[in-house]
Structures are given as structure tokens and as C-alpha cells.
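Analysis of the macromolecular model
Residue strings, one per chain:
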Amino acid sequence: MTMIAVRDALLARPPVLDDRLGHGPDNSLLLRHLAALLVIYGHAYALVNPANFARGDLFARLIPQFYSGSIGVCVFFALSGCLITRSWLRNPRIFRFIRARILRIYPAYLVCLLLTVGLIGPLFNELAPINYFEHAQTGKYFARNVDLVGLTYMLPGLFASNPFPYVANGSLWSLALEVRMYLAIAILGVLRVLTWPRVFVVIVLFFTIYSLSGWIETAPQHQDKAALAMLFMMASLAALFASRIPLSTRFLLVLVLLAVASGESFLFVPMTMLALGYFSLWFSWRLPAWKLPWRGDYSYGLFLYGFPVQQMIVATFPSISPLALFAHAVPSSLILAIASWHWVEQPSLRLKQLRSLDPARTPGS
């Protein structure tokens, strides 16, 4: 993609989302990788200096109440909301939908969970291996995290001397929330709400009003989850109304200006997330597609392994700087991500083609 092509695309009459979504190559895969790198970059500061991580993070200095990790997660949720809803609309079969989501999320996640408990846990631990494996928290970590519902983040004795001690993988909270949003789309689909876009608009509107009404009183972690859920639902709306959603550079600039104008009010975070969500759609489907030098989708593996890899590096090099941590963590995480894609994720996704697993399918469908 040349700069001339970018200029021509930006000056041309804006297409609607439906013209580009699912029609030819796009930049969504590139953006997912960039989002994963943002998460690793943000965690580099948080894991080296948890008390003052925002001082070094470039995005935290530019955008109050955000840091690069939260921006990356926003991008993930915006893309997922649009693509997952689009997936249901194209083939509204509950067994197919659930199978596809399980095969995409769980095999790689379970491998990461097993490696965390069985390999990383005893290797980077102040406890003797026998004491570590006999500890009640070790079994509890696996049992509570395996279903992505009642998460726990700490393993006994793990990374005990790190600035962020005992936490094995702090990224899992957003994955658990995303799985819940998949379930919400499945429920709304089965109830046929997604076939009545106006009803869905009312549901999203009420959810947004309810969330914003108690915004100031809620704890920050609940604000984050509510805001991400709103972003996911807004992206789902975009998929429903794809034929009416323009991919407009001017509209993106308007959203950015509105976010800036909201200043220190409670609307700043929702408006900024809305701008990030629209940017994700604009970047993915408005700009000319970049031809990537790789074929696999390593973004999920980068997300899964980035945090524990960074914790291992900090445990090995306690005085490492955030930028050095980022520089070391990216290639290390990428190796694991490549292995995860080629040995776990891609083979699992091939199972989606097995017709016998879908009771809704009929011969010849």
C-alpha cells in the first residue's frame, strides 16, 4: 500500500461498511496484531513499575484515563463485536456458532493454562516443586480459570520477587469478558433479537444509559468492563446496520474532537472508546489493505503469552527497563504465538469443517 493509495482512499467518497466487510482483503488482521503489541507495550511499564506506570507509557500521557494496554483491548472488542455479530448474521445456527467460538478460543487457551501451571509455575517459584503442586491455590488456579468464568490470577510462590508478584496472567479478565459477550450474541440470536435491529438498538440504548447512570459511583474495574461491553455492543450495531454505516474520515475526526471536548467529564471515557471503536472499523475496512509478510493469525497467541513472558523476563532480569522489557518480550512471545497458531489454533479451526458435529446441518447444506 503506497501513500498515494492512502491519499486517494481518504479523498474518495466514503463507502459504507457493508461494501467492504467480508469483501476481499482488509486490515483487520494487521490491526489485531498491532492491538496485541499495544497490550504488551502497556504491560511493560505496568510490570516494571506498577505504582507509576502511566508516567512512561506514551499513550497514557497523551490520553488521560487510558494506557496503551487498554487501547489495545478496546480495538480487540470493537473488531470482535463487529465480526462475531456478522458471523451470526451470515449463518444463524447456534451449534455452529458455539462450536466456532469454542474452537477459536479454548484449545490455545487451555494449552496456555497448562503451560502456566505445569511449566512456568514450578520454574519461576520460590517454593519447592512438591510444595507448589500440593498447594491448594495451584489446583484452584486451573479449576477456576478453565471455564473463563470465576477467574483467579495468582499462583503460590510464582514471581514472588517481581514488582507485580504472584500474578501469572493478568490479561485473562478481558478474555473472560469477551467470551461473555459472545454468549450474549448467541442468546440474542436465538431469541431472534438480531433479526429486529430496532429492538437491538433499544436494548443497547438502555444498557448504555444504565451503565452511564452509575458511572461515577462504580469502581474502576467495573467501569472498564461496562465500557468494553458497550463498545462491543456498539460494534454489533455497526454489523447490523452495515449498509448504513459510512467509513468516513471526517466522521472519525468529529468523534475524536468530541472526545477531546468532553475533557474531564464522565463522558470522556465513553466518547474516547466510541472514537477508538470507529477508528477500528475505519482502519480495517476503509484504508487500502496492507499485504502482510506472514499468513498466520498470531495476535491471539501474543495476547495469551505476552503477560507471562514479561513476568518471566522481569524475574530473570529484575533491573530491566520497560522499553527493554518490551523489546525482549515481543520476539519471545511471538515464538510462542507462532507455535500456538501452527500447532494448536490452526488445526483446531480445521475442525470447524467437520459436518457431523453440527446437528443443524443437513446433507448438501
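These lines cover the structure that appears in this document, whether it is placed above or below. Keep in mind the model is a prediction, meaning the values are calculated, not measured. (Residues numbered from 1 in each chain as written. Predicted model: local features only at pLDDT ≥ 70, side-chain atom pairs only at ≥ 80, totals over all residues. Heavy atoms only, no water.)

As for a nonpolar patch on the surface
Taken together, the side chains of Val-111, Leu-115, Leu-119 and Leu-123 make up a nonpolar region of the molecular surface, amounting to roughly 320 Å² of accessible area. With respect to the helices and strands, Leu-119 occurs in helix H6 (residues 94–123). (Patch = residues over 30% accessible without salt bridge, like charges linked within 9 Å, V, L, I, M, F, W, Y side chains within 5 Å. Areas by Shrake-Rupley, 256 points an atom, 1.4 Å probe, with all protein chains shown as cover. Salt bridge = Lys/Arg side-chain N within 4 Å of Asp/Glu carboxyl O. Helix = DSSP H or I, 4+ residues; strand = E, 2+ residues; numbered from the N terminus.)

Description of the environment of Ile-338
Within the fold, Ile-338 resides in helix H15 (residues 322–350). Taking the relative accessible area as the measure of exposure, Ile-338 reaches 32% and is therefore partly exposed. Distance from Ile-338 to Gly-301, taken between C-alpha atoms, is 7.3 Å for residues 37 residues apart in sequence. (Buried < 20%, exposed > 50% of the residue type's maximum accessible area, 1.4 Å probe, protein only.)

Some thoughts on the side chain of Gln-310
Mapped onto the secondary structure, Gln-310 falls in helix H14 (residues 299–316). With a relative accessible area of 0%, Gln-310 lands in the buried category.

Notes on the nonpolar core
In terms of nonpolar packing, the biggest core is built from 98 residues, with Leu-17, Tyr-109, Phe-200 and Leu-304 touching the most fellow members. With 12 residues, helix H11 (residues 220–240) is the largest single contributor of residues to this core. Apart from residues no more than four positions distant in its own chain, Tyr-109 is found in contact with Asn-145, Val-146, Leu-148, Leu-151, Leu-172, Leu-175, Tyr-300 and Leu-304. (Core = buried A, V, L, I, M, F, W, Y, C linked by side-chain atoms within 4.5 Å. Contact = heavy atoms within 4.5 Å.)

Some points on the packing of H6 against helix H9 (residues 172–190)
The N-to-C vectors of H6 and H9 enclose an angle of 170°; their axes lie 10 Å apart at closest approach. Classed by the angle they form, the pair H6 and H9 counts as roughly antiparallel. Every residue of H9 that contacts H6 at Ile-94, Phe-97, Arg-101, Ile-105 and Tyr-109 is listed here: Leu-172, Leu-175, Val-179, Tyr-182, Ile-185, Ala-186 and Val-190. (Axes fitted to C-alpha atoms, helices over the stretch in contact; angles between N-to-C directions. Parallel < 35°, antiparallel > 145°, perpendicular 65-115°, else oblique.)

A look at the packing of helix H3 (residues 28–48) against H14
Contact pair H3 / H14: the axes reach a minimum separation of 9 Å and the direction vectors enclose 20°. The angle between H3 and H14 places the two elements in the roughly parallel class. Crossing angle aside, the handedness with which H3 passes H14 is right-handed. Contacts from Arg-32, His-33, Ala-36, Ile-40, His-43, Ala-44, Leu-47 and Val-48 of H3 reach H14 at Ser-299, Leu-302, Phe-303, Gly-306, Phe-307, Gln-310, Gln-311 and Val-314. Split into classes, the residues belonging to the contact of H3 with H14 amount to 9 nonpolar, 6 polar and 1 charged. (Left-handed = near helix turned anticlockwise from the far one by under 90°. Nonpolar A, V, L, I, M, F, W, Y, C, P; charged D, E, K, R; others polar.)

A few points about the pattern of salt bridges
Using the criterion set out here, one finds 4 salt bridges in the structure. Residue Asp-18 pairs with Arg-86 through a salt bridge whose shortest N-O separation is 3.0 Å. Taken as a pair, Asp-18 in helix H2 (residues 17–20) and Arg-86 in helix H5 (residues 68–90) lie far apart in primary sequence, 68 residues in all. Given the relative accessible area of 17%, Arg-86 is considered buried. Across the pair Arg-104 and Glu-345 runs a salt bridge whose closest N-O atoms are separated by 2.9 Å. In this pair, Arg-104 is assigned in helix H6 and Glu-345 in helix H15, connecting sequence segments 241 residues apart. Across the pair, exposure class does not vary: Arg-104 and Glu-345 are buried alike. Salt bridges sharing common partners tie together Arg-32, Arg-104, Asp-297 and Glu-345.

All quantities given are derived from atomic positions and should not be read as evidence of function.
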